[in-house]
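# Report on the structure
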Amino acid sequence: MQPDCPNIADLMLLMASSLEETAHTLNQENAGQFLDEILNAKRIYLAGAGRSGLVARAFAQRLMHLGFESYVIGETITPAFGPGDVLIAFSGSGETQSVVDACETAREIGGRICLITSTPDSHIGRMADCIVEIGSNPLKDADIPRDFEIRQLTGQYRSVSGSFAPLGTLFETAALVFSDAIISSLMEVRHCTIEEIRSRLANVQ
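All values derive from a computational prediction rather than experimental measurement.

Conventions used here
- Residues numbered from 1 in each chain as written.
- Predicted model: local features only at pLDDT ≥ 70, side-chain atom pairs only at ≥ 80, totals over all residues.
- Heavy atoms only, no water.
- Phe/Tyr/Trp six-rings, centres within 6.5 Å; stacked < 30°, edge-to-face > 60°.
- Helix = DSSP H or I, 4+ residues; strand = E, 2+ residues; numbered from the N terminus.
- Buried < 20%, exposed > 50% of the residue type's maximum accessible area, 1.4 Å probe, protein only.
- Lys NZ or Arg CZ within 6 Å of the ring centre and 35° of its normal.
- Axes fitted to C-alpha atoms, helices over the stretch in contact; angles between N-to-C directions.
- Parallel < 35°, antiparallel > 145°, perpendicular 65-115°, else oblique.
- Left-handed = near helix turned anticlockwise from the far one by under 90°.
- Contact = heavy atoms within 4.5 Å.
- Nonpolar A, V, L, I, M, F, W, Y, C, P; charged D, E, K, R; others polar.
- Pairing = 2+ DSSP bridges.
- Right-handed = clockwise from strand over helix to strand, strands pointing away.

It is worth spelling out the packing of aromatic side chains at this point. Inspection of every chain in the model, using the stated rule, returns five aromatic pairs. Between Tyr-45 and Tyr-71, the ring centres sit 5.5 Å apart and the planes meet at 40°, which makes this aromatic pair tilted. One end of the pair, Tyr-45, is in strand β1 (residues 44-48); the other, Tyr-71, is in strand β2 (residues 70-72), with 26 residues separating them in the sequence. A residue is classified by how much of its surface remains accessible, and Tyr-45, at 1% relative accessible area, is buried. When the centroid spacing of 5.0 Å and the interplanar angle of 65° are considered together, the rings of Tyr-45 and Phe-81 count as edge-to-face. Within this pair, whereas Tyr-45 is found in strand β1, its partner Phe-81 is found in the loop between β2 and β3 (86-90), the two being separated by 36 residues in sequence. The buried category is assigned to Phe-81, whose relative accessible area is 16%. By way of ring pairs, the aromatic residues Phe-34, Phe-59, Phe-90 and Phe-178 are connected into one cluster. Arg-190 extends its terminal NZ or CZ atom over the ring of Phe-68, reaching a point 4.0 Å from the ring centre.

The structure is reproduced here in structure tokens:
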């Protein structure tokens, strides 16, 4: 181990402490509304870019395991969005252009929009029917490009993280934990059994 390398376990505990703080500050009413939006949706569409996109895909998979009709925006087999459908966007900045575009289209069609973000006062936030704020964004007033690809190339990110967890890590990790907690809640509400979930797991890989 390099002599100047920080203690990895300490960094994990620091991140866990940040997640605990985020959980304590979560608005339960907004989280409950988010749960209702999912339960009342005809179909559920997920959107996100980069690592937030991976969180969105993981959530879509878990929703499918519970028996919801869920799709990821941009996939070749994703059907047309329609009225009664819900688009769930994962975006720490609330400004990522590709996700903004998807939300604007969903709004024009007559669907509902849910946003998981660290920046509720954002482009997507002003369109959303439901917002769940995960942490806070210390860079919300910074002049950061809206194009995800530009931020990737220049290293500019909107993030809830400190220097010990750069590039949006804590937002994405907290969003993943939040989405898994929502899945646990949905399992209780719908009285899902492990056997039901297991029957929907992929068996041809």
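Two elements in contact, helix α2 (residues 28-40) and helix α6 (residues 169-189), have axes whose closest approach is 11 Å; the angle formed by their N-to-C orientations is 60°. Here α2 is positioned oblique relative to α6, judged by the angle of their axes. Crossing geometry of α2 relative to α6 is assigned as right-handed. Of the residues in α6, those in contact with Ala-31, Phe-34, Leu-35, Ile-38 and Leu-39 of α2 are Phe-178, Ile-182, Ser-185, Leu-186 and Val-189. When grouped by side-chain class, the residues that make up the contact of α2 with α6 number nine nonpolar, one polar and no charged.

The subject of this paragraph is the environment of His-123. For His-123, the position within the fold is in the loop between β4 (112-117) and β5 (130-133). Each C-alpha atom of the pair His-123 and Glu-95 lies 5.6 Å from the other, and the pair is 28 residues apart in sequence.

Among the five residues of β3, five are classified as buried, and the element is accordingly described as predominantly covered. Both faces of β3 are covered, namely the face carrying Val-86, Ile-88 and Phe-90 and the face carrying Leu-87 and Ala-89. Bridge count for β1 against β3 is five bridges, and the pairing is parallel. When the sheet's bridge partners are listed, Gly-48 is paired in β3 with Phe-90. Sheet analysis places β3 next to β4, joined by five bridges and oriented parallel. Looking at the pairing, Val-86 lines up with Arg-112 of β4. Taken together, β3, helix α4 (residues 97-109) and β4 constitute a β-α-β crossover, and its handedness is right-handed.

Let us now look at the sheet that holds β3. Hydrogen bonds along the backbone pair up the strands of a sheet, which may run parallel or antiparallel. Spatially, β2-β1-β3-β4-β5 is the arrangement adopted by the five strands of the open sheet, whose pairing is parallel. Of all strands in the sheet, those bounded by a partner on one side alone are β2 and β5. Within this sheet the neighbouring strands show an average axis-to-axis angle of 20°, counted without direction. Helix-sheet contacts for α6 involve β3, β4 and β5, and the interaxial angle to β4 is about 125°.

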